[in-house]
Amino acid sequence: MAYKAYKFRMYPNQGQKVLFIKTFGCVRFVYNQMLADTMTHYEETGKRLRPTPAPYKKDYPWLKEVDSLALINAQNHLNQAWDRFFSKTAGHPNFKPKHGGRHSYTTNLVNGNIKLLKGAIQLPKVGVVRIRQHRTIPDGYVLKSATVSKTASGKYFVSVLFEYENQVPNVTPEKYIGLDFSVSKMFVSSEPELQTEERFLKNYRKARKKLAKEQRILSRRKRGSKRYEKQRQNVARLHEKVANKRKDYQQKLSTKITDQYDVVCVENLSMKEVTNLLNRSFRKGMGKYVLDNEWHKFTQMLAYKLEDRGKYLVKVKSEFPSSQLCSECGFLKSDLTLADRSWTCPECGVHHDRDINAAINLKREGKRLLSA
């Protein structure tokens, strides 16, 4: 069995908005209380405590006003955070902030309490909320849970999780492509017919002046005032617009690649190391262009779309000298620097564009790794 989530925009009325805000606050409160009690108990006894929301409802009766499953999921999320901490796969759990954090809660399907209706969704305690259902749910998908969230700009969304029987097709790899990460273009492809369009990749750079102006206005507002809140939402909407443009382009581009090719070969890069390298080698501030491309998120899109189609994403180790290796004769030019954007092979005399040459080498190395 596999799981897939569909995210829809919600349009709650004023009463439903109030209940959503109450639920966000109660979930945050219970999570923080259980985290504090767990930390105190561990310091005193050296043993891990597994608290439940039930005792807190006796001390704080207003917790009964919201969906009980949302509080139980807060308990589950805390337990998962502690499990990751003790298994040393993540850091120490943090307290959830009242301001600036992500406002969300999750509720589970129990006795038909969640129903996806035509143009609406029924949620526990809240009732029927209007949604914009832009996608049709395939037959055989079983609803499992729903996560309600609110963005910084004040928009509400619901992410509905479905369980389905995943029947992955058996694909024999035939068409390969190599993608080399690029700061200005997001990636350079080994195939000439598929390249990125730079005009879609400079959304942050284009919005930077406008964003700076809006941030300056926000800095002059008195925190907590109505004018401050209005300007904060203006800044949040601008950030959201940039992020949505980027995400839309990446979704369409990743779908196009996964439809056309059977195997996608990329370099397994650490974006933190790339950012630091650019800031050191060129000028401080270059690293923000790496963040603007969101390469890691793009490779995640490629991974799950390829997996659904029975295809492959091959990650080549970052130690592989993709840029220094001649794609024609295999000569290794070890003295190649990051500033060298093109070079001529001294063995075969072929002139290489650094990024295209790297993409071709990644494609060949990925093909070798997959066959091995």
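Heads up: the structure comes first, above all this text.
No experiment lies behind these values; they were computed from the predicted model shown. Chains are numbered independently. Their residues run from 1 in the order of the written sequence. Only residues with pLDDT of at least 70 get local features here, since the model is predicted, and only at 80 or more are side-chain atom pairs given and counted; chain-wide, interface and lining totals rely on the full set of residues. Computation of side-chain values: all heavy atoms of the structure, hydrogens and water removed.

Colleague: Got a sec to walk through the sheet that holds strand S4 (residues 120–123)? Specific residues and values, please.
Modeller: To summarise the sheet geometry, strands pair through backbone hydrogen bonds and adopt either a parallel or an antiparallel arrangement. Taken together, the seven strands give an open sheet; going across it, the order is S2-S6-S7-S1-S5-S4-S3, and neighbouring strands pair in antiparallel fashion. Edge positions in the sheet fall to strand S2 (103–108) and strand S3 (115–117), since each has one partner strand and no second. Across the sheet, the mean angle from the axis of one strand to that of its neighbour is 35°, orientation sign disregarded. Looking at chain direction, S2 and strand S6 (residues 142–150) are connected through six bridges and run antiparallel. When the bridges of S6 are listed, Tyr105 appears paired with Val148. By this definition, two strands are paired if DSSP reports at least two bridges between them. Going along the chain from the N terminus, every DSSP run of H or I of four or more residues is numbered as a helix, and every run of E of two or more is numbered as a strand. Axes here refer to lines fitted to C-alpha atoms; in helices the fit is confined to the stretch in contact. Angles between the N-to-C directions go from 0 to 180 degrees.

Colleague: Could you give me a rundown of the nonpolar core, with the residues and numbers involved?
Modeller: Nonpolar cores were defined as sets of buried Ala, Val, Leu, Ile, Met, Phe, Trp, Tyr and Cys residues, with membership established by side-chain atoms within 4.5 Å. Relative accessibility under 20% of the residue-type maximum defines a buried residue, over 50% an exposed one, and the middle range a partly exposed one, all with a 1.4 Å probe and only protein chains included. Counting residues in each nonpolar core, the largest one holds 36 residues, and the members touching the most others are Met10, Phe20, Tyr105, Ile121, Leu123, Val148 and Val158. Elements represented by at least two residues in this core include exactly strand S1 (2–11), helix H1 (14–45), helix H3 (68–86), S4, strand S5 (127–132), S6 and strand S7 (156–164). Sequence-distant contacts of Ile121, defined by excluding residues within four places in its chain, comprise Met10, Ile114, Lys115, Leu116, Gly127, Val128, Val129, Ile131, Val158 and Val160. With 22 residues, the next largest nonpolar core counts Ile177, Phe187, Val290 and Trp295 among its residues. What makes two residues a contact is simply this: any of their non-hydrogen atoms within 4.5 Å.

Colleague: Explain helix H9 (residues 354–371) to me, using residue names and the numbers behind them.
Modeller: Multiplying 1.5 Å by the residue count of a helix minus one yields the expected span of that helix. For H9, spanning 18 residues, the distance from its first C-alpha to its last is 26 Å, which sits close to the expected 26 Å at 1.5 Å a residue. All buried positions along H9 are accounted for by Arg354, Asp355, Asn357, Ala358, Ala359, Asn361, Leu362, Glu365 and Gly366. Close packing links the buried residues of H9 with strand S8 (176–182), strand S9 (186–189), strand S10 (263–268), strand S11 (312–317), strand S12 (342–344) and strand S13 (351–353). The backbone nitrogen of Asp355 has a side-chain oxygen 3.1 Å away, supplied by the residue at the start of H9, namely Asp353. A 3.5 Å cut-off defines polar contacts: any pair of N or O atoms within that distance qualifies, except that in protein one atom must be a possible hydrogen donor and the other a possible acceptor, and neighbouring residues in sequence count only when both atoms are side-chain atoms.

Colleague: Please provide a residue-by-residue account of a positive patch on the surface, values included.
Modeller: On the surface, a cluster of positive charge is made up of Lys206, Lys210, Lys213, Arg216, Arg220, Lys241 and Lys245. Elements supplying a minimum of two residues to the positive patch: helix H4 (203–219) and helix H5 (226–260). At four residues, the largest contribution of residues to the positive patch is made by H4. Among the secondary structure elements, Lys206 is positioned in helix H4. Relative accessible area serves as the criterion here: at 58%, Lys206 is assigned to the exposed category. Every patch collects residues that have over 30% relative accessible area and no salt bridge, joining them within 9 Å if they carry like charges and within 5 Å if they are nonpolar side chains (Val, Leu, Ile, Met, Phe, Trp, Tyr). Here the accessible surface of atoms and residues is derived via Shrake-Rupley with a 1.4 Å probe, and residues count as covered only by protein chains that are part of the display. A carboxyl oxygen of Asp or Glu within 4 Å of a side-chain nitrogen of Lys or Arg is what we treat as a salt bridge. Here the positive residues are Lys and Arg and the negative ones are Asp and Glu; neither His nor the chain ends is included. Where a charge sits is defined by one atom per residue type, namely NZ (Lys), CZ (Arg), CG (Asp) or CD (Glu).

Colleague: Describe the packing of H5 against helix H8 (residues 295–308), listing the residues and the values that go with them.
Modeller: At a closest axis distance of 9 Å, the pairing of H5 and H8 adopts a crossing angle of 40°. The angle between the axes of H5 and H8 places the two elements in the oblique class. Read as a crossing pair, H5 and H8 show a hand that is right-handed. Seen from H5, the contacting residues are Lys247, Gln250, Gln251, Leu253, Ser254, Thr255, Ile257 and Thr258; seen from H8, they are Lys297, Phe298, Met301, Leu302, Tyr304, Lys305 and Leu306. Put simply, angles under 35 degrees are roughly parallel, angles over 145 are roughly antiparallel, angles from 65 to 115 are roughly perpendicular, and the rest are oblique. Rotating anticlockwise by less than a right angle from the far helix to the near helix defines a left-handed crossing, while the corresponding clockwise rotation defines a right-handed one.

Colleague: Explain the environment of Val30 to me, using residue names and the numbers behind them.
Modeller: Structurally, the position occupied by Val30 is in helix H1. Classification of Val30 by relative accessible area gives buried; the value is 0%. For Val30 and Pro97, which are 67 residues apart along the polypeptide, the C-alpha to C-alpha distance reads 12 Å. Apart from residues lying up to four places away in sequence, Val30 is in contact with Pro53, Leu63 and Leu71.

Colleague: Tell me about the environment of Asp139, and please be specific about residues and values.
Modeller: Following the sequence through the fold, Asp139 ends up in the loop between S5 and S6. Looking at Asp139, the relative accessible area reads 77%, which means it is exposed. Taking the C-alpha atoms as reference, Asp139 lies 9.2 Å from Tyr164; in sequence the two are 25 residues apart.

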